[in-house]
Amino acid sequence: MAEVILMPRLSDTMTEGVIAAWHKKIGDPVKKGDLLAEVETDKATMELESYKDGVLLHIGTDKGGKLQVNDLLAIIGAKGEDISGLVKDGGSAEPKEPAKKEDKAQATKSKEQGTSEKKQETTSQSAATSNQSAIDVSKMEEVVLMPRLSDTMTEGVIAGWNKNVGDDVKKGDVLAEIETDKATMELESYKNGKLLYQGAKKGEKIAVNDLLCIIGEAGKVDVDKIVAAAKGGAAKPETGGQKSATATTTTSAPATNPSASIEQQAETSSSSNGRVKASPLAKKLAAEKGIDISKLAGSGDGGRIVKADVDSYTPAAAAPPAEKKASAPAITPFVAGQEAYSDIPNSQIRTVIAKRLGESKFSAPHFYLTMEINMDNAMVARTQLNEASPVKISFNDLVVKASALALRQHPAVNASWLGDKIRRYQHIHIGIAVAIEDGLIVPVVRFADQKTLPQIAAESKELSGKARNKKLQPNEFTGNTFTISNLGMMDIDEFTAIINPPDSCIMAVGRIKEIVVKKGDGFGVSNVMKVTLSCDHRSVDGATGAAFLQTFKKFLENPITMLL
């Protein structure tokens, strides 16, 4: 199925982008990580990478053309696929209606009135402060303000500083890691100088457009004056002001637009200035694995090194990187007879999880359907499959495959409630809930009904590993149409799960356990597993959910039918 790429917001103040160059032509095959185009923003020229395989079927504008943020930039899909509907709608699920003349006239009139009032207010404020000398720190080259790194971000938490006060900073160096409401981002410098000031310590919050740091030449920058001006409420731009840094995504959280992944469009260096031509993700992975990236041969456009080159690099003499040991949870010392507690500040990810699931639980009328499934045949089939499969197939992989095939027969379950309508998806993207240190994240196996069990197993394993290491890309944890939450490996018999928006259903999977059953004239042991389907009653009725579970049960109790 064709996938739309919209013009992403590549900087906090960007409203439109100019196509500096296309690196692919319509009809060209495109691989994940290939360079599609160079986009000129209000701050820099960024490289836009593809996050899927396919053929470039459409481009929104030619070289030199402008596109507004969220306008249709490109469409990637299968060769010969009909994309007329997507092109007509501008890549949106719903075509935009032109504003009525009356509305435009009224809007213009209101704007004029607002401008007049604003001028009067500005004049009054200027008169009141005519004797004060204000410094607009947002216009100072040495100042880095907290950028708006997501469309809903209001503040950021300093996850860690990569540079200390007094350190030299070069263009492209990572200054700090900023935790937003959606992800943890790496903030890169795009100027040279010395880090003269940090606006907050690790773990502290900074509001968008507040002073983050100062970079300049020691002895020539009045740091105290800038800090005093920033704390004194000097004028700040409403939507940005970041002058010395750009960001790349390094970890995961719920996101709204996969095409807006900053990491996928991050600026890369050219070989002309002596730096290695590689994507930021490739650089980061190489550093983590202890690989000298300059020794790699790039398979991307113009010899550019991409993630696949790092993953496939296996030097004969190189020792495998040491695995990071999972840190044990901190244990508070116990003192008999003493009352005590500790307050743990909520992370941005935890805050978003609480908000989204709270909205789901209290806005969507949940009902629950529980079914017991005989897993005897599934256990035998899994053993046989693993004898031939190139990757180990888990029971959860069987659950994913059975769910996807059942959704194909019951499209009413593969849906979203949109208020005035119900959207039924023709594609099937299965989300798999994964526990991480900060809470939960749901990586997505896309087009799961069209994939084999070994493909699902390999992709699930890769996505789960990236989720736990906080390396998921936005397109890898968005777009789910149905979700599975499995606690069977933790000896949970059965449980109910809260629906993961925008899905209409989520299936909670318990453990496989042995029970004594009557077999013939005597008794024997069978392996059973309980699943509970949580449904949004606004879009899915009880009989619809029950029919889905019946089909799901048939697939798991007769696994060979999943291979037909």
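Residues numbered from 1 in each chain as written. Predicted model: local features only at pLDDT ≥ 70, side-chain atom pairs only at ≥ 80, totals over all residues. Heavy atoms only, no water.

Draft legend 1. Representation of the sheet that holds strand β6 (residues 54–59) within the structure. Read across the sheet, four strands follow the order β1-β8-β6-β3 without closing on themselves; strand pairing throughout is antiparallel. For this open sheet the edge positions go to β1 (3–6) and β3 (29–30), each flanked by a neighbour on one side alone. Examined bridge by bridge, β3 and β6 share two bridges and lie antiparallel to one another. When the bridges of β6 are listed, Val30 appears paired with Gly54. (Pairing = 2+ DSSP bridges. Helix = DSSP H or I, 4+ residues; strand = E, 2+ residues; numbered from the N terminus.)

Draft legend 2. Geometry of helix α8 (residues 395–409). Look at α8: 22 Å from first C-alpha to last across 15 residues, which is about the 21 Å you get at 1.5 Å a residue. For α8, the buried fraction is high: twelve of the 15 residues fall into the buried class. (Expected span 1.5 Å × (residues − 1). Buried < 20%, exposed > 50% of the residue type's maximum accessible area, 1.4 Å probe, protein only.)

Draft legend 3. Representation of the packing of aromatic side chains in the model. In total, this model carries two aromatic pairs according to the counting rule given. When the ring of Phe482 is compared with that of Phe548, the centres are 5.5 Å apart and the planes differ by 55°; the resulting orientation is tilted. With a gap of 66 residues between them, Phe482 in strand β25 (residues 482–486) and Phe548 in helix α10 (residues 542–557) connect regions that are remote in the sequence. Here the two residues Phe482 and Phe548 agree in accessibility, since each one is buried. A ring pair is formed by Phe548 and Phe552, whose centres lie 6.4 Å apart and whose planes are at 20°; its orientation type is stacked. One end of the pair is Phe548 and the other is Phe552, both in helix α10 and four residues apart, which spans about a single turn. (Phe/Tyr/Trp six-rings, centres within 6.5 Å; stacked < 30°, edge-to-face > 60°.)

Draft legend 4. The environment of Val69, seen in detail. In this fold, Val69 is placed in the loop between β7 (66–68) and β8 (72–77). On the accessibility criterion, Val69 (14% relative accessible area) is buried. Each C-alpha atom of the pair Val69 and Leu6 lies 7.4 Å from the other, and the pair is 63 residues apart in sequence.

Draft legend 5. The nonpolar core, seen in detail. Ranked by size, the top nonpolar core spans 47 residues in total, and within it Ile430, Phe482, Met507, Val531, Leu533, Phe552 and Leu556 carry the most contacts. Once you skip the residues sitting within four places of it in the chain, Val531 turns out to touch Leu369, Thr370, Met371, Ile373, Met507, Ala508, Val509, Leu549 and Phe552. Counting 17 residues, the second largest nonpolar core, distinct from the first, contains Ile158, Ala176, Leu212 and Cys213. (Core = buried A, V, L, I, M, F, W, Y, C linked by side-chain atoms within 4.5 Å. Contact = heavy atoms within 4.5 Å.)

Draft legend 6. Region of interest: the packing of α8 against α10. Contact geometry for α8 and α10: axes closest at 9 Å, N-to-C directions at 135°. In terms of axis orientation, α8 runs oblique to α10. Read as a crossing pair, α8 and α10 show a hand that is right-handed. Contacts from Leu398, Val399, Ala402, Ser403, Leu405, Ala406, Leu407 and Gln409 of α8 reach α10 at Phe548, Thr551, Phe552, Phe555 and Leu556. Split into classes, the residues belonging to the contact of α8 with α10 amount to ten nonpolar, three polar and no charged. (Axes fitted to C-alpha atoms, helices over the stretch in contact; angles between N-to-C directions. Parallel < 35°, antiparallel > 145°, perpendicular 65-115°, else oblique. Left-handed = near helix turned anticlockwise from the far one by under 90°. Nonpolar A, V, L, I, M, F, W, Y, C, P; charged D, E, K, R; others polar.)

Draft legend 7. Local environment of the environment of Met140. Among the secondary structure elements, Met140 is positioned in the loop between α2 (101–128) and β9 (143–145). Overall, Met140 belongs to the partly exposed group, its relative accessible area being 22%. Considered as a pair, Met140 and Ile226 are 86 residues apart in the sequence and their alpha carbons are 9.0 Å apart.

Draft legend 8. Structural detail: the pattern of salt bridges. Applying the stated criterion across every chain yields a total of 15 salt bridges. Beyond isolated ion pairs, a larger network of salt bridges with shared partners links Asp493, Arg511 and Lys513. (Salt bridge = Lys/Arg side-chain N within 4 Å of Asp/Glu carboxyl O.)

Draft legend 9. The arrangement of the pairing of strand β16 (residues 211–216) in detail. Burial runs high along β16: six of the six residues are buried. For β9 and β16, the ladder comprises three bridges, and the chain directions are antiparallel. When the bridges of β16 are listed, Val144 appears paired with Cys213.

Draft legend 10. Examining helix α9 (residues 453–468) more closely. Along its 16 residues, α9 runs 22 Å from first to last C-alpha, staying within 8% of the 22 Å computed at 1.5 Å per residue. Taken together, the buried positions of α9 are Leu453, Ile456, Ala457, Ser460, Leu463, Ser464, Lys466 and Ala467. Lys470 occupies a position one or two residues after α9 and carries a positive phi of about 60°.

Draft legend 11. Fine view of the sheet that holds β9. Taking strand neighbours across the sheet as the criterion, the four strands line up as β9-β16-β14-β11 in an open arrangement whose pairing is antiparallel. Every interior strand has two partners, whereas the edge strands, β9 and β11 (168–169), have only one. Where β11 meets strand β14 (residues 193–198), two bridges bridge the pair, whose relative direction is antiparallel. Bridging from a neighbouring strand, Val169 pairs with Gly193 of β14. Set on the sheet, helix α3 (residues 223–231) makes contact with β9, β14 and β16; between it and β16 the angle comes to about 160°.

Draft legend 12. Spatial organisation of the confidence of the model for the protein chain. Averaged over every residue, the pLDDT of the protein chain is 79; the share at 70 or more is 76%. Taking the mean pLDDT of every element in the protein chain, the minimum, 46, falls on α2 and the maximum, 98, on α10. Across residues 249–274 the pLDDT falls below 50, and counting only partners more than four positions away or on other chains, this stretch makes 95 contacts in the model. Low pLDDT (under 50) marks residues 317–326, which in the prediction has one contact with non-local residues, meaning those over four places away or in another chain. (pLDDT = per-residue confidence, 0-100.)

Draft legend 13. Layout of the side chain of Ser403. Structurally, the position occupied by Ser403 is in helix α8. Taking relative accessible area as the criterion, Ser403 reaches 0% and is therefore assigned buried. Not counting chain neighbours up to four residues away, the residues in contact with Ser403 comprise Phe482, Ile484, Met507, Phe548 and Phe552.

Draft legend 14. Examining a nonpolar patch on the surface more closely. A contiguous nonpolar surface patch, about 350 Å² in accessible area, is contributed by Val516, Phe523 and Val525. Mapped onto the fold, Val516 is located in strand β26 (residues 505–519). (Patch = residues over 30% accessible without salt bridge, like charges linked within 9 Å, V, L, I, M, F, W, Y side chains within 5 Å. Areas by Shrake-Rupley, 256 points an atom, 1.4 Å probe, with all protein chains shown as cover.)

Draft legend 15. Looking closely at the side chain of His427. Relative to the helices and strands, His427 is located in the loop between β20 (422–424) and β21 (430–432). Sequence-distant contacts of His427, defined by excluding residues within four places in its chain, comprise Met1, Asn414, Phe447 and Thr481.

Draft legend 16. Broad picture of unusual backbone geometry. Note the cis peptide between Pro501 and Pro502, where omega equals 5°. Mapped onto the elements, Pro502 comes out in the loop between β25 and β26. If you check the backbone angles, Phe447 has positive phi at about 55° while not being a glycine. Within the fold, Phe447 resides in the loop between β24 (444–445) and α9.

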